[in-house]
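# Observations on the model geometry
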Amino acid sequence: MLLIIYNCSDQVLATRERRQAKTREKAVQSVRETVQAREKWKSAKEIAKQRAIDLQAQLSRTFTRSKSKMQTDQVTKGTGQAKPGTDAALQSLPGGNSSAPKTGKKKEKSNLTNMLQEMEDNPGSHQGFNIETSDKNTKKHAPKGKELHTQSQMFRYAYGQIEKEKAMHEGKNLTFSGVLSMGGDVEIRKRPLIEISFKDLTLTLKHKKRHLLRCVTGKLSPGRVSAVMGPSGAGKTTFLSALTGKAAGCNVTGMVLVNGKAEPIQAYKKIIGYVPQDDIVHGNLTVEENLWFSARCRLSADLPKAEKVLVVERVIESLGLQPVRDSLVGTVEKRGISGGQRKRVNVGLEMVMEPSLLILDEPTSGLDSSSSFLLLRALRREALEGVNICMVVHQPSYTLFNMFDDLILLAKGGLTAYHGPVKKVEEYFAGLGITLPDRMNPPDYFIDILEGIVKPSSGVNFKQLPIRWMLHNGYPVPMDMLQNTDEMRPSTSDSTQGEPESFAGEFWKDMKTNVEMKKENLELNISNLDDLSNRKTPGVFQQYRYFLGRICKQRLREARTQAVDFLILLLAGICLGTLAKVSDETFGVIGYTYTVIAVSLLCKIAALRSFSLDKLHYWRESSSGMSGLAYFLAKDTVDHFNTIVKPIVYLSMFYFFNNPRSTVTDNYVVLTCLVYCVTGIAYALALFLEAGPAQLWSVLLPVVLTLIATRGDSSFVSKIADLCYTKWALEAFVISNAKRYYGVWLITRCGSLMESGYDIRDWYRCLILLIVSGLGSRIVAFMIMITFQKK
């Protein structure tokens, strides 16, 4: 079985994914054929209707001409000549024109791809989008003035119109979507707009009087893509942290307003997307699985599943991930998709939740020009829907630079050198005498000036540029900046404030600062702000189902590691069962002591992987509003498989080679309670410590606690032993074995148990203590997980 699991787990999942892909392709093909059939039917109906109109007009003209001829003949016979004006009268009669008017429609071929291309070519257009779903025979336009805000709603409108036409023709057997479409206009689900404005935003490190940002004023508007640029150390990432309210350990002054109100931005985290600089993506999931999980957990709970699917499809298409949608992202050990594709998946995790504010920290770092262009084009599509986008960029190309709407140029020390439209940046610097040379990329040239590498010919000192910007906009300039214009140090050192402090005083100040930073982090993690985003995401139970499905899929892809764990347990059972000798006087204490140490050690090390490898992923997901309780319960539920199976794997060898007198059931129950207990302890170690120290403590604890539990010669040691889980497990094993020794004298059994300090009536008590210890350690681990987070 282990060989089958080890060698065939990947094939099982690959076959399943391939079958799902075929099913999805068949469904898409069926929908496409249905739409084409409906459109052809509508086209035939319109052609037949037009031919009926033409036939009616022709018959009307024929009948009119015949009647006019009869009247003319009668007049000619009566008078012998026609009256003047008869020809003019005949021309004025209906149908008198010799040629019928042309009523044919101009046929055009268009689709959603052409429409999106037109949107990209003319991003400033505010007109409504034309929805074209028919083939070359028909053309369907959206109502005039109607504005659709997402591509998924475009599909919804198109299919709604098809259902409406079908329902109107049939007159009965109306579909549900057809009834909704006939009931009124298509309901447009608009994204709430978020405008971020900041005034005199200043960040200062506590107890060091050093500014990270200073006097930054401006705003980020919806529907625009803003770029934050500047030399290294200018505070670009710090600026994003200040906007999102994650600047711990700093004194923040100034104002940050959300839609003109002084509200905490964390209250809008359900509609705010933050793309970190590192690619925190699940490597053992495919591209589509990563995006689909994020969409299900972060989109509105009342949004139909079909629209969620369309949102994911839109993001996959816009980011150019269609060729690798079914490929694993990959990890450090196992190669997956390319680095550029991984970066786009990292951005797509936030795009699928349809944010109103999207903040990206260096999303184009490490990408080539084509991948960067593809990513920025997708972001511009998001901006067309009213999304406020702000991103840190390192020296983009000229093509990418022109794709931005606004530019925030920061100088060293977190000072603003320019904040405004990209099209006016060259004009502003030209007013200062800084002219862009020919064949020079504007962002490269301006960053070189701010870095001090290039000296402007106008004689303007690069340290004076922030002051020039403040004076240009009428902002107040701090006095120390005016006094130190020549040196222009953005921060004041501690040495200017008096005598240098002693080592003890400086050490105490650093300790105090660290404690305050941890306190702020705890307050950020446990703070419960009112949700102002008006988006109701799935509840804890629904997210628990989503997490459970994802973790099960990940564990199946890691079946080889699971098989290795089982193999090690088999070998441990063989070795310990062979080496440990059963004695009538000790009831097999030696073998059970080895069992407690080995099982505790192996199960703890294996349980560390449950949380230590996914810390970064949890921190990212929890900061976006996902449920930590659902995540923890799903992890624990999946690990119950090991709690049930690992005792069977170990006992299958140990019981065969050691042959204790106790029943297999008793040994299995005790071993299951032991595994449940040590797994909870491993959770707490993995969440509280780093990977290296956690593994060291997992090895050290079972050995030390077992030694304490078997040394009952001192009263102090015995009191400590009563608190060790190893003593409870060992006592339960010995008691279950002692009950089966019917051939041994009662006094011998009682003497051996009394010497070890065990009571034959405490078997259930030991099991309850093991279970309670496992439950309590899980509660402690959960509290550590939600409080001690890295921001």
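Keep in mind that this is a model prediction, so the values were computed, not measured.

Quick look at the overall build of the chain now. A count of helical and extended segments in the chain gives 27 helices and 9 strands. Looking at the chain as a whole, 45% of its 791 residues qualify as buried. For the chain, long-range pairs separated by at least 24 residues make up 77% of all intrachain contacts whose partners lie at least 6 apart in sequence. For the chain, the computed accessible surface area is about 41900 Å², with 58% contributed by carbon and sulfur atoms.

This part takes up the packing of aromatic side chains. Tallied over the entire structure, the rule returns 21 aromatic pairs. Between F547 and Y631, the aromatic rings sit 5.6 Å apart at their centres with planes inclined by 75°, giving edge-to-face as the arrangement. You can see F547 sitting in helix α17 (residues 540-557) and its partner Y631 sitting in helix α21 (residues 628-658), a full 84 residues away along the chain. Comparing F547 with Y631 shows no difference in burial state: the two are buried.

On to helix α9 (residues 339-351). Across its 13 residues, α9 extends 19 Å between first and last C-alpha, which sits within 8% of the 18 Å expected from 1.5 Å per residue. Counting buried positions along α9 gives 11 out of 13 residues, so the element sits mostly inside the fold. If you check which residues of α9 are buried, you get G340, Q341, K343, R344, V345, N346, V347, G348, L349, E350 and M351. Buried residues belonging to α9 abut β5 (272-275), α7 (287-298), α8 (305-318), β6 (357-361), α10 (369-384) and α20 (615-623).

Further remarks concern a nonpolar patch on the surface. A grouping of W697, L700, V703, V704 and L707 is seen on the molecular surface, where their side chains present a nonpolar patch of about 430 Å² in accessible area. Structurally, the position occupied by V703 is in helix α23 (residues 691-709). Taking the relative accessible area as the measure of exposure, V703 reaches 33% and is therefore partly exposed.

What follows covers the pattern of salt bridges. For the structure on display, the rule yields 20 salt bridges. E195 is paired through a salt bridge with K219; the nearest N and O atoms lie 3.9 Å apart. Of this pair, E195 sits in the loop between α5 (176-183) and β1 (196-205) while K219 sits in strand β2 (residues 210-220); the two residues are 24 residues apart in sequence, bridging distant segments of the chain. What makes K219 partly exposed here is its relative accessible area of 43%. Taking the shortest distance from any N to any O, the salt bridge between R778 and D636 comes out at 2.9 Å. You can see R778 sitting in helix α27 (residues 763-787) and its partner D636 sitting in helix α21, a full 142 residues away along the chain.

Pairing is mixed across the open sheet formed by 6 strands, whose spatial order is β5-β6-β7-β3-β8-β9. Each end of this open sheet is capped by a strand with a single partner; those strands are β5 and β9 (415-421). Going across the sheet, the axis of each strand differs from the next one's by a mean of 10°, ignoring polarity. Across 4 bridges, β5 lies against β6 in parallel orientation. Along β6, the bridge assignment pairs V275 with L360. Packed on one face of the sheet, helix α14 (residues 465-473) meets β8 (406-411) and β9 and runs near 50° to β9.

What follows deals with the side chain of D405. With respect to the helices, strands and loops of the structure, D405 is situated in the loop between α11 (398-402) and β8. Judged by its relative accessible area of 17%, D405 is buried. In contact with D405, not counting residues within four places along its chain, are G223, R224, V225, R380, G420, P421 and V422.

Right, let's get into the sheet that holds β2. Pairing is antiparallel across the open sheet formed by 3 strands, whose spatial order is β2-β1-β4. Strands at the two margins of the open sheet, each flanked by one partner only, are β2 and β4 (250-258). Taken over all neighbouring pairs, the strand axes of this sheet differ in orientation by 5° on average, direction set aside. Judged from the 7 bridges that link them, β1 and β2 form a sheet pairing that is antiparallel. Within β2, the residue paired with T204 across the bridge is H211.

Turning our eyes to something else, we now look at unusual backbone geometry. In this structure, E354 takes a positive phi of about 50° despite not being glycine. Tracing the backbone shows E354 in the loop between α9 and β6. Here the phi dihedral of E362 falls at roughly 55°; this positive angle occurs in a residue that is not glycine. Inspection of the secondary structure assignment puts E362 in the loop between β6 and α10.

Turning to the nonpolar core, a few remarks are in order. Among the nonpolar cores identified, the biggest contains 66 residues, and F611, F632, Y650, L674, Y725 and M785 are the most heavily contacted of them. The element that contributes the greatest number of residues to this core is helix α22 (residues 664-688), accounting for 14 residues. The residues touching L674, leaving out its near neighbours within four places in the chain, are V596, V599, S600, Y725, A729 and L770.

For the rest of this paragraph, the subject is the confidence of the model for the chain. Confidence in the prediction for the chain averages 76 pLDDT; 69% of positions are at 70 or higher. Taken as a whole, residues 170-187 scores under 50 in pLDDT and shows 16 contacts with residues more than four places along the chain or in a different chain.

Cut-offs applied
- Residues numbered from 1 in each chain as written.
- Predicted model: local features only at pLDDT ≥ 70, side-chain atom pairs only at ≥ 80, totals over all residues.
- Heavy atoms only, no water.
- Helix = DSSP H or I, 4+ residues; strand = E, 2+ residues; numbered from the N terminus.
- Buried < 20%, exposed > 50% of the residue type's maximum accessible area, 1.4 Å probe, protein only.
- Contact = heavy atoms within 4.5 Å.
- Areas by Shrake-Rupley, 256 points an atom, 1.4 Å probe, with all protein chains shown as cover.
- Phe/Tyr/Trp six-rings, centres within 6.5 Å; stacked < 30°, edge-to-face > 60°.
- Expected span 1.5 Å × (residues − 1).
- Patch = residues over 30% accessible without salt bridge, like charges linked within 9 Å, V, L, I, M, F, W, Y side chains within 5 Å.
- Salt bridge = Lys/Arg side-chain N within 4 Å of Asp/Glu carboxyl O.
- Pairing = 2+ DSSP bridges.
- Axes fitted to C-alpha atoms, helices over the stretch in contact; angles between N-to-C directions.
- Core = buried A, V, L, I, M, F, W, Y, C linked by side-chain atoms within 4.5 Å.
- pLDDT = per-residue confidence, 0-100.

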